[in-house]
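Geometric and topological summary
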Amino acid sequence: MKKKLLFVCLGNICRSPAAEAICSYKLKKYQLNNYCEVDSAGTGAWHVGKKSDSRMRSAALSRGIIIESRARQITLDDFNAFDLILTMDNSNFADVESLSRELKMPFKAKIQPLLQYSNNTDSLEVPDPYYGGEKGFEDVLDLLDDAIEQLLVELRKF
Ligand code: 4NP
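Throughout what follows, the structure given in this document is the object of discussion. Owing to the predicted nature of the structure, the values given are computational and were not obtained by experimental measurement.

Conventions and cut-offs
Residues numbered from 1 in each chain as written. Predicted model: local features only at pLDDT ≥ 70, side-chain atom pairs only at ≥ 80, totals over all residues. Heavy atoms only, no water. Helix = DSSP H or I, 4+ residues; strand = E, 2+ residues; numbered from the N terminus. Rg over C-alpha atoms; globule rule 2.2 N^0.38 Å. Buried < 20%, exposed > 50% of the residue type's maximum accessible area, 1.4 Å probe, protein only. Pairing = 2+ DSSP bridges. Axes fitted to C-alpha atoms, helices over the stretch in contact; angles between N-to-C directions. 1 Å grid on protein atoms, 1.4 Å probe; cavity = no way out; pocket = protein on both sides within 12 Å on 5 of 7 lines; lining within 4 Å. Points joined across faces, edges and corners; volume = space filled by probe spheres on them. Nonpolar A, V, L, I, M, F, W, Y, C, P; charged D, E, K, R; others polar. Right-handed = clockwise from strand over helix to strand, strands pointing away. Salt bridge = Lys/Arg side-chain N within 4 Å of Asp/Glu carboxyl O.

Side note on the overall build of the protein chain
Counting its regular elements, the protein chain contains five helices and four strands. Walking the protein chain from its N terminus toward its C terminus, one meets helices and strands in the order β-α-β-α-α-β-α-β-α. For the protein chain, whose C-alpha radius of gyration is 14 Å, the value lies close to the compact-globule estimate of 15 Å for 158 residues. Dimensions along the principal axes, computed over C-alpha positions, put the protein chain at roughly 45 × 35 × 30 Å. Here the protein chain, with 158 residues, has 47% of them falling under the buried criterion.

Quick look at the sheet that holds strand S2 (residues 36-42)
Judged by pairing direction, the sheet is parallel, and its four strands sit side by side in the order S2-S1-S3-S4 without closing on themselves. The open sheet has two free edges, formed respectively by S2 and strand S4 (110-113), since each of these has just one partner strand. The sheet shows a mean angle of 25° between the axes of neighbouring strands, direction not considered. For strand S1 (residues 3-9) and S2, the ladder comprises seven bridges, and the chain directions are parallel. Residue Cys9 lies in a different strand from S2, and its bridge partner there is Gly42.

Brief notes about the layout of surface pockets
Roughly 280 Å³ of internal volume is contained in the largest pocket. Lining the largest pocket are Pro17, Glu20, Ala21, Ser24, Tyr25, Lys28, Gly64, Ile65, Ile66, Ile67, Glu68 and Ser69. A class-by-class count of the residues in the lining of the largest pocket yields six nonpolar, three polar and three charged.

Describing the pairing of S1
When you tally the buried positions in S1, you get five out of seven residues, the bulk of the element. Taken together, S1, helix H1 (residues 15-29) and S2 form a β-α-β motif whose crossover is right-handed. Where S1 meets strand S3 (residues 84-87), four bridges bridge the pair, whose relative direction is parallel. Paired with Leu5 across the bridge in S3 is Leu84.

Here we look at the pattern of salt bridges
In this structure the tally under the stated criterion is 13 salt bridges. Among the salt bridges present, the one from Asp39 reaches Arg72, with a minimum N-O distance of 3.0 Å. Residue Asp39 is located in strand S2, and its partner Arg72 is located in the loop between helix H2 (54-61) and helix H3 (78-81); the two are separated by 33 residues in the primary sequence. Judged by its relative accessible area of 22%, Arg72 is partly exposed. For Glu138, the salt bridge goes to Arg63, with nearest N and O atoms at 2.8 Å. Here the residue Glu138 occupies a position in helix H5 (residues 134-156), and Arg63 occupies one in the loop between H2 and H3, the gap between them amounting to 75 residues. Residue Glu138 is classed as partly exposed on the basis of its relative accessible area of 29%.

What follows is the structure, given as structure tokens:
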């Protein structure tokens, strides 16, 4: 059975689509496509249907990573459609947990901060780059790259 991963941020136009694209890139690179499937979503609905932020798309592209997804909002169905829901910051984590309580029954997905997998930072928060400068996008990509590399190491153990 394929492992299904859902990356979640606030708007689904910066951090989580970048995480999805980096993870897809690495799955292809390590020939793990048959092992894992990825998607992303936002806790908010403001940007639903939009392409990801052009600043994030161009920062990723300069690393050879193409972000193709369109924004969508997380739904209650996602809690049983995915094995892992990986959040970007504490506020996303709290919002996802709070939404999960609307199900009022056990569900399949485990909710975890993505940076829990990182070896290079003690922080559990990928900072929101939306209102900052270019460096913020590069920093996000560095954090995501490291955490996702480690995430795939962990997933390969099962
Ligand atoms: P994301 O970044 O959660 O990484 O997609 C944001 C994008 C848009 C907004 C906030 C965060 N916004 O307020 O519109």
